[in-house]
Amino acid sequence: MEQAGYMEKKTASLEEERAELIRRLSTDNTVIGLMKEYGIPAEELSRHPYRIQRWVQDRKVCISCQSLKQCRRPRKGYMAGLSYDGLLQDTEEACRYETERRNAEKHLENYLICDLSEEMRRVNFQQISVHEESGAYLSAMKHAMDCCMSGRGLYLYGSMGTGKTYLAACAANYYAMQGKKTAFVHYPSLCQRVEAQIRTGEYKTETDRMGYADFLVIDDIGAEDVTERNRNILLSVLDTRMQNRRPTWFTSNNDFTSLQQHFSNTSRGEDLMAAMRIMERIRALAETEKITGKDRRNLSQTL
């Protein structure tokens, strides 16, 4: 009898606790607002008060968060959610910062190849502060923008860190945002991938994409170790792009004279004709623009 009496009191206590929780939640403006926002009927509060309480408490963890960098959740950018379609179900949903990140990087879905650094994946011409740039750089930027908007190729060259890759990344992101299939290839890295995949032939998928992408950037050309194989692959890609009249951009530390000399030499000796064939195609595909000025890498991590 004592055991039965204890259990009755325990049950009554739990029911009172549950009723008090329902009362508190039903008068909490945060809870009311969230349930309305998610289309959860008010009666679900009486059916699942503890689940709704956990949901609200979990969301409160994120109230003071101001960026994804501050996120301390096991899966960064995601929080507990609830959905209702006749049944109340636990879900996981992106927070507002993760949603903003997704929207800002949605254009990346249009990249066939993307060797861009994380910082370069969002850059665009509009971010460049015209008040802080030299006249020479603004002239180069205008040329780059004109080529980008009109679908013309461009060969950007100059000293390290002067902003060549930044301008090329702006153009690539522009095309990707227009829904165009885009490829941004760091050429020395590509050459290393080719050598690593030579036995399997996997690199052919990548080089085929380079040939047929709506817009292609070949970044840092001239910084790779020249081999007869990667020289022939490059020639094939450039031939395909010439035949299909697809806009192609290059960035390099070399002017045309030094780039031709670079392509002339391999471990097997000098081959001036092979180098001239490559240069002929680059000249046909792209206008030129020399970038001069300060080394931006010492001033900003995004340039």
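Refer to the structure presented above.
Residues numbered from 1 in each chain as written. Predicted model: local features only at pLDDT ≥ 70, side-chain atom pairs only at ≥ 80, totals over all residues. Heavy atoms only, no water.

Chemist: What am I meant to see in a nonpolar patch on the surface here?
Modeler: A cluster of nonpolar side chains, Leu272, Met273 and Met276, forms an exposed patch at the surface whose accessible area comes to about 280 Å². With respect to the helices, strands and loops of the structure, Met276 is situated in helix α12 (residues 272-285). (Patch = residues over 30% accessible without salt bridge, like charges linked within 9 Å, V, L, I, M, F, W, Y side chains within 5 Å. Areas by Shrake-Rupley, 256 points an atom, 1.4 Å probe, with all protein chains shown as cover. Salt bridge = Lys/Arg side-chain N within 4 Å of Asp/Glu carboxyl O. Helix = DSSP H or I, 4+ residues; strand = E, 2+ residues; numbered from the N terminus.)

Chemist: Please explain the pattern of salt bridges as it appears in this structure.
Modeler: Going through the model one piece at a time under the given rule, you end up with 20 salt bridges. A salt bridge links Arg122 to Glu105, with the shortest nitrogen-to-oxygen separation between them at 3.4 Å. With Arg122 in the loop between β3 (111-114) and α6 (135-150) and Glu105 in the loop between α5 (96-104) and β3, this residue pair connects regions lying 17 residues apart in the sequence. Overall, the relative accessible area of 36% leaves Arg122 in the partly exposed class. The class of Glu105 is buried, set by a relative accessible area of 14%. A salt bridge links Lys106 to Glu109; its shortest N-O distance comes to 3.8 Å. On the basis of relative accessible area, Glu109 is assigned to the exposed category, the value being 57%. Several salt bridges converge on common partners, so that one network encompasses Glu98, Arg101, Arg102, Glu105 and Arg122. (Buried < 20%, exposed > 50% of the residue type's maximum accessible area, 1.4 Å probe, protein only.)

Chemist: Explanation requested: the sheet that holds β3 in the structure shown.
Modeler: In any sheet, the strands associate via hydrogen bonds between backbone groups, in a parallel or an antiparallel arrangement. Reading across from one edge, β3-β5-β6-β7-β4-β10 is the order of the 6 strands in this open sheet, with parallel pairing throughout. The outermost strands of the open sheet, each flanked by one partner alone, are β3 and β10 (286-291). Across the sheet, the axes of successive neighbouring strands diverge by a mean angle of 10°, strand direction being ignored. With 4 bridges joining them, strand β4 (residues 153-158) and strand β7 (residues 248-252) adopt parallel strand pairing. Each residue of the ladder has a partner; that of Tyr157, found in β7, is Ser252. Relative to the sheet, helix α8 (residues 187-196) contacts β3, β5 (182-186) and β6 (215-219), its axis offset from that of β5 by approximately 85°. Seen against the sheet, α12 touches β4, β7 and β10 and runs at an angle of roughly 90° to β10. (Pairing = 2+ DSSP bridges. Axes fitted to C-alpha atoms, helices over the stretch in contact; angles between N-to-C directions. Contact = heavy atoms within 4.5 Å.)

Chemist: Just checking my understanding: could you explain the environment of Asp271 for this structure?
Modeler: Here Asp271 lies in the loop between β9 (269-270) and α12. Along the backbone, Asp271 and Gln261 are 10 residues apart, and their C-alpha atoms lie at a distance of 9.5 Å. Side-chain polar atoms of Asp271 contact the backbone nitrogen of Ala274, separated by 3.1 Å. (Polar contact = N/O pair within 3.5 Å; in protein donor to acceptor, adjacent residues only side chain to side chain.)

Chemist: Can you walk me through the state of the cysteines in this structure?
Modeler: The tally for this structure, following the rule as stated, stands at 0 disulfides. Cysteine Cys71 shares no disulfide, and the gap to the nearest cysteine sulfur, in Cys65, comes to 5.9 Å. For the unlinked cysteine Cys147, the closest cysteine sulfur is that of Cys148, found at 8.8 Å. We classify Cys147 as buried; its relative accessible area is 1%. (Disulfide = S-S within 2.5 Å.)

Chemist: Explain the nonpolar core here, please?
Modeler: What tends to happen in soluble globular proteins is that the nonpolar side chains get buried as a cluster. Ranked by internal contacts, the top residues of the largest apolar core, which has 30 residues, are Ile218, Ile221, Phe250, Phe263 and Ile282. Those elements that place two or more of their residues in this core are β5, α8, α9 (203-212), β6, α10 (228-244), α11 (256-264) and α12. Those residues in contact with Phe250 that lie beyond four places of it in its chain are Leu154, Tyr155, Leu156, Ile218, Ile221, Leu238, Ile282, Leu285 and Ala286. Formed by 29 residues, the second largest nonpolar core is a distinct cluster that contains Ile128, Ala144, Cys147 and Leu154. (Core = buried A, V, L, I, M, F, W, Y, C linked by side-chain atoms within 4.5 Å.)

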